[in-house]
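What follows is the residue order along each chain.
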Amino acid sequence: GPKRSGPELLCQLKGRVGVTTLTPEHKPFSSLLWATLLPPRPLTSDLGPFKRCAVVSSAGSLKNSGLGKEIDSHDAVLRFNSAPTVGFVKDVGTKTTVRLINSQVMASDDHRFLSSSLYSAGILVAWDPAPYSSDLGEWYNKTDYPIFLQYQKYRRLHPQQPFYILHPRVEWQLWDTIQANMAEAIQRNPPSSGLLGTVLMMSVCEVVHVYEFLPSRRKTELCHYYQRFYDAACTLGAYHPLLYEKNLVKRMNQGPDRHIFTHGRVTLPGFNSFNC
Ligand code: NCC
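These figures come from a predicted structure and were not determined experimentally. (Residues numbered from 1 in each chain as written. Predicted model: local features only at pLDDT ≥ 70, side-chain atom pairs only at ≥ 80, totals over all residues. Heavy atoms only, no water.)

(A) Examining the layout of surface pockets more closely. By volume, the largest pocket amounts to about 1,000 Å³. Lining the largest pocket are 38 residues, and of these Asn81, Asn102, Cys223, His224 and His240 sit closest to its centre. Classifying every residue of the lining of the largest pocket by side-chain character gives 18 nonpolar, 16 polar and four charged. (1 Å grid on protein atoms, 1.4 Å probe; cavity = no way out; pocket = protein on both sides within 12 Å on 5 of 7 lines; lining within 4 Å. Points joined across faces, edges and corners; volume = space filled by probe spheres on them. Nonpolar A, V, L, I, M, F, W, Y, C, P; charged D, E, K, R; others polar.)

Here's what the structure looks like:
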């Protein structure tokens, strides 16, 4: 396809991707008893609007970054999966407004999703790699991990904590946008939590700073800032089209390259901050 400029890409993203979450009215959930556990309104009606937001990737390059204070200065902070703050406050801050989790985290025993206090801060948003069709009925019968079972269990144990499920359409609207801007065919797997969370925050914030999604001078093979596990695929991608996601974000960045190098920081405008 044609090589779009940053502003053109932002407009395309804004036009094609609509962040929505499941509500009790969505079929086939509307006919199921547990649908009453879903929030009555979509996430974007309940969250924000915020001025300045931070998206904190889980990359190993956050380690020894000293970015904690800067991250906490934002009005809202999004984190991913089982990325902790306790023990890492100097580098990643303390504030958690939203935690975006994949269905693998919800289902696997090692993450103790139902019992760990790690997940109790902020609003939870869960997602599961759905079939490309984004048909809710098809997905319901063929989730990657048992997202709905775990959702029901968690909601019954923690009824006060807001908890949303991302509409799988978002994954594929985003995937289509990535593919539309790449010369080669990319693997048909949904984008990483990192890009999904970034677009989520662009929907409710005026400005979004994304940390260590594009690696800084601290770039390392250390997978996560919170684990002693080394694998370059964490930064470069394997299952997720991560390198393509990063290419797109690099092209949309409105901050100077220097900020990527020193802070691993990218600056993106919220969807309501520009006209197309
Ligand atoms: O690793 P993960 O992601 O939880 O990281 C969250 C997001 O941060 C960005 N990232 C992370 C590490 C790194 N070195 N560079 C990065 O840019 C990515 O954008 C990433 O999405 C996921 O996307 O949900 C993912 O989840 C893990 C895993 O399921 C959870 O951490 C729970 O253990 C996946 N790993 C495996 O399946 C083994 C990972 O592929 C994607």
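(B) View of the packing of aromatic side chains. Following the criterion strictly, the structure yields 18 aromatic pairs and no others. Judged by centre distance (5.5 Å) and plane angle (90°), the ring pair of Phe29 and Tyr140 falls under edge-to-face. Residue Phe29 is found in the loop between helix 1 (6-16) and helix 2 (43-46), and its partner Tyr140 is found in helix 6 (residues 136-140); the two are separated by 111 residues along the sequence. Judged by relative accessible area, which is 0%, Phe29 ranks as buried. The class of Tyr140 is partly exposed, set by a relative accessible area of 28%. An angle of 65° between the planes, with centres 6.0 Å apart, marks the rings of Trp172 and Trp175 as edge-to-face. Of this pair, Trp172 and Trp175 both sit in helix 8 (residues 169-179), three residues apart, roughly one helical turn. In terms of burial, Trp172 and Trp175 fall into one category: buried. Grouped by ring-pair contacts, the aromatic residues Phe29, Trp34, Phe113, Tyr119, Trp139, Tyr140, Phe148, Tyr151, Tyr154 and Phe163 constitute a single cluster. Over the aromatic face of Phe274 sits the side chain of Lys14, whose NZ or CZ is 5.0 Å from the ring centroid. (Phe/Tyr/Trp six-rings, centres within 6.5 Å; stacked < 30°, edge-to-face > 60°. Helix = DSSP H or I, 4+ residues; strand = E, 2+ residues; numbered from the N terminus. Buried < 20%, exposed > 50% of the residue type's maximum accessible area, 1.4 Å probe, protein only. Lys NZ or Arg CZ within 6 Å of the ring centre and 35° of its normal.)

(C) Spatial organisation of the site of the ligand. Lining the immediate environment of the ligand, one finds 20 residues, of which Asn81, Asn102, Gln104, Ser193 and His224 sit closest. The side chain of Ser192 places a nitrogen or oxygen atom 3.0 Å from an oxygen atom of the ligand. Taking His224, its side chain carries an N or O atom lying 2.6 Å from an oxygen atom of the ligand. Calculation on the ligand without its partners gives an accessible area of 730 Å², and the protein chains cover 77% of this total. With respect to the detected pockets, the ligand is housed in the largest pocket. Put simply, the parts of the chain that give the shell around the ligand at least two residues each are helix 5 (103-107), helix 9 (193-202), helix 10 (233-236) and helix 11 (242-252). Of the residues assigned to the shell around the ligand, the class counts are seven nonpolar, 12 polar and one charged. (Near = heavy atom within 4 Å. Polar contact = N/O pair within 3.5 Å; in protein donor to acceptor, adjacent residues only side chain to side chain. Areas by Shrake-Rupley, 256 points an atom, 1.4 Å probe, with all protein chains shown as cover. Sits in = over half its atoms within 2 Å of the grid points.)

(D) How the structure looks around empty space enclosed by the protein. Evaluation of the coordinates by the stated rule reveals one cavity of 30 Å³ or more. Every residue lining the largest cavity is listed: Ala59, Gly60, Ser61, Glu212, Phe213, Pro215, Lys219, Thr220, Thr235 and Lys246. A breakdown of the residues in the lining of the largest cavity according to their chemical character gives three nonpolar, four polar and three charged.

(E) Broad picture of the state of the cysteines. Per the stated rule, a full pass over the model turns up three disulfides. Across a sulfur-sulfur distance of 2.1 Å, Cys11 and Cys276 are joined as a disulfide pair. Handedness here is read from the sign of the S-S torsion; for Cys11 and Cys276, about -95°, the answer is left-handed. With a gap of 265 residues between them, Cys11 in helix 1 and Cys276 in the segment after strand 7 (265-269) connect regions that are remote in the sequence. Classification of Cys11 as partly exposed rests on a relative accessible area of 24%. What makes Cys276 exposed here is its relative accessible area of 67%. Regarding the disulfides, the protein chain carries the connectivity 1-6, 2-3, 4-5 under sequence-order numbering of its bonded cysteines. (Disulfide = S-S within 2.5 Å.)

(F) Summary view of the sheet that holds strand 4 (residues 123-127). Across the sheet, which stays open at both edges, the seven strands sit in the order 5-4-3-2-1-6-7 with mixed pairing between neighbours. Each of the sheet's edge strands pairs with one partner strand only, and the pair in question is strand 5 (163-165) and strand 7. Strand-to-strand twist across the sheet, computed as the mean angle between neighbouring axes with direction ignored, equals 20°. For strand 1 (residues 50-56) and strand 2 (residues 76-80), the ladder comprises three bridges, and the chain directions are parallel. (Pairing = 2+ DSSP bridges. Axes fitted to C-alpha atoms, helices over the stretch in contact; angles between N-to-C directions.)

(G) Summary view of the pattern of salt bridges. Summed over all chains, the structure comprises four salt bridges. For Arg265, the salt bridge is made with Glu70, and the minimal N-O distance between the two is 2.6 Å. Here Arg265, found in strand 7, pairs with Glu70, found in helix 3 (residues 68-72); they are 195 residues apart in sequence, far enough to count as distant. Look at Glu70 and you get partly exposed, because its relative accessible area is 21%. The salt bridge partner of Lys250 is Asp257, with a shortest N-O separation of 3.6 Å. Asp257 gets classed as exposed once you look at its relative accessible area, which sits at 51%. (Salt bridge = Lys/Arg side-chain N within 4 Å of Asp/Glu carboxyl O.)

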